[in-house]
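# A structural walkthrough
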Amino acid sequence: MSHPAVDLSLLKPYLENVAHRGRTMLLPALHYAQSLYGWLPREVQVEISHALRVPQADIHGVIEFYTMLYNEPTAKKVIRVCEDSACSLGGCHELMQAIETQLGLRPGETAADGQITYEHVPCLGMCELAPAALNGERPAANLSPDAVPAFLEGRYPEAQGNSYGEPRHLLARVGKVDPTSLNDYRAHGGYIGLTNALQMTPEQVIEMAEKTGIVGRGGAMFPTGRKWRFTRGAPGTPAEKHIVINADESEPGTFKDRYLLEDDPFSVIEAATLAGYAVGAENGWIFVRGEYPRAFHRLTHAVEQARAAGYLGREIMGQPGFHFDIEVRLGAGAYICGEETALFEAIEGKRGFPRIKPPFPTTHGLFYQPTVINNVETMVAVLVAFNLGVEEWLKLGTAQSPGTKLFCLSGNIAKPGLYELPFGLTVREIIEMAGGVPGNKKVQAVLMGGAAGVFIGPDKLDTRLTYEDTRQANIPLGSGVIMVFDETADLRQAMYELARFFAHESCGKCFPCQLGTQRQLELLDHIAHNGGAKPTDKQTLLDVGFTMTETSLCGLGQTAASAIVSAIHLWPELVTAEG
Amino acid sequence: MSDTVTLTIDGREVTVPKEMTILDAAATIGIDIPVICYHPHLTANGLCRVCSVDAGWRVQAAACVTQVADGLKVETRSEDVCRGRKTILELLASTVNLEEAPEILALLEEYGADTERFAGSEKRTAPVYDDNPFYLRDYNQCINCWRCVQVCAEDAQYVFALSYDGRGFHTQIGTFMGDGMMDTTCVFCGQCVGACPTGALKPKRQALLEQGYDPDSIFEQTRRKRRPQNKAE
Ligand SMILES: Cc1cc2nc3c(=O)[nH]c(=O)nc-3n(C[C@H](O)[C@H](O)[C@H](O)COP(=O)(O)O)c2cc1C
Ligand code: SF4
Ligand code: SF4
Ligand code: FES
């Protein structure tokens, strides 16, 4: 396709500045170039290839991998409408109809004047605000077909979150402070946790982190203190070690980290700094999903403020020998980059292919150097414990699951939102706290833990949400997702949507997931939309599910059938009955 | 610390160096674990997963990239292992043309794979690229084993002509912006053609011989293609 000549002089000064860092600057450079030109024409790619010394074929491969990078003419303004589970329950199909009619575009198309591109996209991490969409960088909530003209013209208030719960520790400042102000942060208890930590030796800080009983909030539930200890003990100087905050939050149903990133960004920075002190690591990274531009800007701003005030950089808070700084990175549309090793690859400027483990990140992480990678909530939970004192923290929750947890409530629920609650409440209690199911309807199913979790039926609603109880009941707490489907919801459609998500997000590295997610999608598409199940479908779905779970290379493929297989076991008629 | 470990594979004890993979350890006692993507001279990436075995862990382990450990009990042909293997083979057969991949055809047979199981599902298709005088690229036969990409890059040539298009099911081997091989950094060393296990990459001469051309006309055809004035064809 022909296009007007590209003015490379706009790009060159940027590239001159970053060229010495090489390939790790690839995603930032592509983002920057795309902000200039709207997309990435050939000559721009060639220029970046020369500057960063990355083979042209590899640049092509990277752009092809990330859905928010374009090597075909695309408008600077992209309208992205979420098509996943919660937004589907919330009415995104009517919304899409209205947008398509008004724009005269089908998903994936760019208007003839080149001013607007329209897309249906996977979960935007705004499930509690369904149906949700992005107009360029501006998030929009609870869109109805009537609101479409204002939405498309940008005349709407930016989406604001809904957070609830008691006691609020992780969310103490959310909604109460100005997220752009370091002074406000400090006036509301900021930098107390780090000050407390700096009174101790790094060894003591790690011991205390272990005492908090905090395990990873990103899904894998690994004890956080132990992870820090391993990395501290790994060979390497502080300059060769990394603290990475995983802010890729892209699993349908999950939106908890967004609140911390957007509304309390300094807490994330302080928490990373604390970890840097404990582990003896000088390099901090926060990797934010591409669909969270607001979080990215607020974090970037907060990092600059913290650095200017001496909270990042050399000899932090006057502590001799304690150096730590943070680089904020923006993803570009790939759920798989939440997988820790795929995230490292993304920072290194590659396609987000997960690596084979072992070796583990604690010894071979980012740039194959010792790395702690933690979820946003995990990090902030540790900070909170240092703020409160471990004694106080341990009084919250249960003996085996101390503290509070963020729960993401969405779907058919009266008050969807983010709930900070101590461990130990039952699913039913939390649903009731969130106002129950609207219209006096009954709960048909609840998706627990996220797209990679499981469905439960009404008989399991009295399960207590602690690590010990959910392990017993075989329900993953995952990222704290509780998505409610009322008695009128179409569960075949829900299964189809989950299958579509995983097929879209499979990285394509290993065969079982690359091929299995596609076949799972085709079978469920047929079952949900094209005349119901064939007699063989159930067994085929179970075999594909088993094979992905058992033989896939990474957690994506290993959980891509989890919710679907759980539904088949609970409600076999969904995949056996015709029509 | 000892440099060897002792483990049990299919009920038989074996003592091997501790860095060995399960795949190699099994081979020392004549147990043959099937492989597709694995090649002894290339970096193993654990892609195809047909080498998956039961090592008593949470999920199965890909034998080609998993190190042995002391006391490990490995089952290479349990019911579960065969269930996964058969399904991977069925998935593969429903996606690409395996006619010229004899090793994979033999595995389909051995594991009783039902090649019609996913009949009617989407195949991974592509045009046949005939863009250089040396080899053809028919990605309808490509299984995404990455060998060509690897030999073109760090595993051998450091030429970096090949990468990927798309992702997930729709991943295909590709070049910069889809350029023909003559416009890439390709040096026509032929390493990729030699490494390709499925006939997706095929010497042009062989392809033309198969199509019934005689050597003289093949020489004519492939020679003419090199003339610059015909490059735009
Ligand atoms: C496909 C996939 C996506 C993931 N996405 C995220 C994510 O968005 N955020 C996150 O913290 N962890 C995610 N994880 C888990 C990470 O790999 C890793 O376990 C986690 O960041 C460790 O932090 P934690 O111990 O604090 O939970 C994902 C894992 C997989 C397999
Ligand atoms: S399981 Fe899926 S996402 Fe993970 S490596 Fe394999 S193809 Fe990629
Ligand atoms: S073209 Fe051949 S070598 Fe390359 S990935 Fe495909 S099957 Fe493997
Ligand atoms: S041979 Fe082990 S994954 Fe392919």
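Residues numbered from 1 in each chain as written. Chains lettered and ligands numbered in written order. Predicted model: local features only at pLDDT ≥ 70, side-chain atom pairs only at ≥ 80, totals over all residues. Heavy atoms only, no water.

### Quick word on the site of ligand 3
- Of all residues adjacent to ligand 3, which total 14 residues, the nearest are Cys142(B), Cys145(B), Trp146(B), Cys148(B) and Cys196(B).
- Here the shell around ligand 3 is composed, by residue class, of 11 nonpolar, two polar and one charged. (Near = heavy atom within 4 Å. Nonpolar A, V, L, I, M, F, W, Y, C, P; charged D, E, K, R; others polar.)

### Here we look at the domain arrangement of chain B
All names here are of chain B.
- The assigned domain composition of chain B is domain 1 (4-77) and domain 2 (128-226).
- Of note, the centres of domain 1 and domain 2, computed from C-alpha atoms alone, are 32 Å apart.
- At the interface, eight residues of domain 1 touch eight residues of domain 2.
- Buried surface at the junction of domain 1 and domain 2, summed over both partners, amounts to about 710 Å²; 58% is from carbon and sulfur atoms. (Domains from an automatic or database assignment. Contact = heavy atoms within 4.5 Å. Buried area = accessible area lost by both parts, 1.4 Å probe.)

### As for the domain arrangement of chain A
Residues and elements named next belong to chain A.
- Partitioning chain A into structural domains gives domain 1 (8-65), domain 2 (77-150), domain 3 (180-394), domain 4 (404-486) and domain 5 (491-575).
- The centre of domain 1, based on its C-alpha atoms, is set 27 Å off from the matching centre of domain 3.
- Between domain 1 and domain 3, the contact holds 12 residues from the first and 18 residues from the second.
- The junction of domain 1 with domain 3 conceals about 1,100 Å² of combined surface from both sides, 58% of it contributed by carbon and sulfur atoms.
- Of all residues in domain 1, Thr24, Leu27 and Phe65 bury the most surface against domain 3, accounting for 52% of the area lost on that side.
- The tally of links between domain 1 and domain 3 comes to one salt bridge.
- Its salt-bridge partner being Arg21, residue Glu327 comes within 3.0 Å of it at the nearest N-O pair.
- Scanning the region where domain 1 abuts domain 3 turns up seven residue pairs in polar contact (both at pLDDT 80 or more).
- Counting residues per element, the ones that place at least two in the side of domain 1 that touches domain 3 are helix H2 (26-37) and helix H4 (56-65).
- Tallied by class, residues from the side of domain 1 that touches domain 3 come to six nonpolar, three polar and three charged. (Salt bridge = Lys/Arg side-chain N within 4 Å of Asp/Glu carboxyl O. Polar contact = N/O pair within 3.5 Å; in protein donor to acceptor, adjacent residues only side chain to side chain. Helix = DSSP H or I, 4+ residues; strand = E, 2+ residues; numbered from the N terminus.)

### Let's talk about the interface of chain A and chain B
- In this assembly, 47 residues from chain A lie in contact with 46 residues from chain B.
- Summed over both partners, the interface of chain A with chain B comes to about 4,000 Å²; 57% of that surface belongs to carbon and sulfur atoms.
- Linking chain A with chain B are four salt bridges.
- Here Arg83(B) makes a salt bridge to Asp543(A), at a shortest N to O gap of 2.8 Å.
- Contributing elements (two or more residues each) for the side of chain A that touches chain B: helix H3 (42-52), H4, helix H20 (491-505), helix H21 (511-529) and helix H22 (537-551) of chain A.
- The dominant element in the side of chain A that touches chain B, judged by the number of residues it contributes, is H22(A), at 10 residues.
- Looking at side-chain class alone, the side of chain A that touches chain B contains 17 nonpolar, 20 polar and 10 charged residues.

### Some thoughts on the side chain of Thr341(A)
- Mapped onto the elements of the fold, Thr341(A) is located in helix H15 (residues 340-347).
- In terms of polar contacts, Thr341(A) uses its side chain to reach the side chain of Glu339(A), at 2.6 Å.

### Focus on the packing of helix H11 (residues 224-233) of chain A against helix H13 (residues 265-279) of chain A
Residues and elements named next belong to chain A.
- The contact between H11 and H13 brings their axes to 9 Å, and the two run at 50°. In terms of axis orientation, H11 runs oblique to H13. Of the residues in H13, those touching H11 at Trp228, Thr231 and Arg232 are Leu274, Ala275, Tyr277, Ala278 and Val279. (Axes fitted to C-alpha atoms, helices over the stretch in contact; angles between N-to-C directions. Parallel < 35°, antiparallel > 145°, perpendicular 65-115°, else oblique.)

### Examining the environment of Asp54(B)
Residue and element names in this part refer to chain B.
- Positionally, Asp54 belongs in the loop between strand S3 (52-53) and strand S4 (61-62).
- For Asp54, a relative accessible area of 27% gives the class partly exposed.
- Separated by 135 residues in sequence, Asp54 and Cys189 place their C-alpha atoms 40 Å apart.
- A polar contact of 2.8 Å, which involves the side chain of Asp54, links it to the backbone nitrogen of Gly56. (Buried < 20%, exposed > 50% of the residue type's maximum accessible area, 1.4 Å probe, protein only.)

### Comments concerning the nonpolar core
- Counting 202 residues, the largest nonpolar core has Ile48(A), Tyr66(A), Trp228(A), Ile286(A), Phe455(A) and Ile36(B) as the members making the most contacts within it.
- Top contributing element to this core by residue count: H13(A), with 10 residues.
- With residues up to four places along the chain from it excluded, the contact list for Ile286(A) reads Ile245(A), Ala247(A), Val268(A), Ile269(A), Leu299(A), Ile326(A), Glu327(A), Val328(A) and Arg329(A).
- Counting residues in each nonpolar core, the second largest holds 28 residues, with Met96(A), Ala132(A), Val148(A) and Phe151(A) among its members. (Core = buried A, V, L, I, M, F, W, Y, C linked by side-chain atoms within 4.5 Å.)

### Focus: the site of ligand 2
Residue and element names in this part refer to chain A.
- Around ligand 2, the surrounding shell holds 14 residues, and the nearest of these are Cys507, Cys510, Cys513, Cys554 and Gly557.
- Those elements that provide at least two residues to the shell around ligand 2 are H21 and helix H23 (555-559).
- Considering only residue class, the shell around ligand 2 consists of eight nonpolar, five polar and one charged.

### As for the pattern of salt bridges
- Inspection of every chain in the model, using the stated rule, returns 48 salt bridges over all chains.
- The residue Lys350(A) makes a salt bridge to Glu348(A) at a minimum N-O spacing of 2.9 Å.
- Between Asp131(B) and Arg137(B) there is a salt bridge whose closest N-O contact spans 2.7 Å.

### As for the side chain of Ser52(B)
- With respect to the helices, strands and loops of the structure, Ser52(B) is situated in strand S3.
- Residue Ser52(B) is classed as buried on the basis of its relative accessible area, which comes to 3%.

### Regarding the packing of aromatic side chains
- By the definition in use, this model includes 25 aromatic pairs over all chains.
- Relative to Tyr311(A), the ring of Tyr191(A) has its centre 3.8 Å away and its plane inclined at 20°; by these criteria the two rings are stacked. Placement of the pair is Tyr191(A) in the loop between helix H8 (182-187) and helix H9 (192-198) and Tyr311(A) in the loop between helix H14 (293-308) and strand S8 (325-330), with a sequence separation of 120 residues. Exposure class is identical for Tyr191(A) and Tyr311(A). Each is buried.
- Members of the aromatic cluster, each reached through a chain of ring pairs, are Phe65(A), Tyr66(A), Phe353(A), Trp146(B) and Tyr164(B).
- Between the NZ or CZ atom of Lys405(A) and the centre of the ring of Phe407(A), over which it lies, the distance is 5.9 Å.
- Against the face of Phe169(B) rests Arg124(B), its NZ or CZ located 5.6 Å from the ring centre. (Phe/Tyr/Trp six-rings, centres within 6.5 Å; stacked < 30°, edge-to-face > 60°. Lys NZ or Arg CZ within 6 Å of the ring centre and 35° of its normal.)

### Section: the pairing of strand S7 (residues 283-288) of chain A
All names here are of chain A.
- The element S7 is extensively covered by neighbouring structure, given that five of its six residues are classed as buried.
- Here strand S6 (residues 242-247) pairs with S7 via six bridges, running parallel. Each bridged residue has a counterpart across the sheet, and for Asn246 the counterpart in S7 is Phe287.
- In this sheet, S8 lies alongside S7 in parallel orientation, the contact comprising six bridges. What sits directly across from Trp285, in S8, is Glu327.
- For the segment spanning S7, H14 and S8, crossover handedness is right-handed. (Pairing = 2+ DSSP bridges. Right-handed = clockwise from strand over helix to strand, strands pointing away.)

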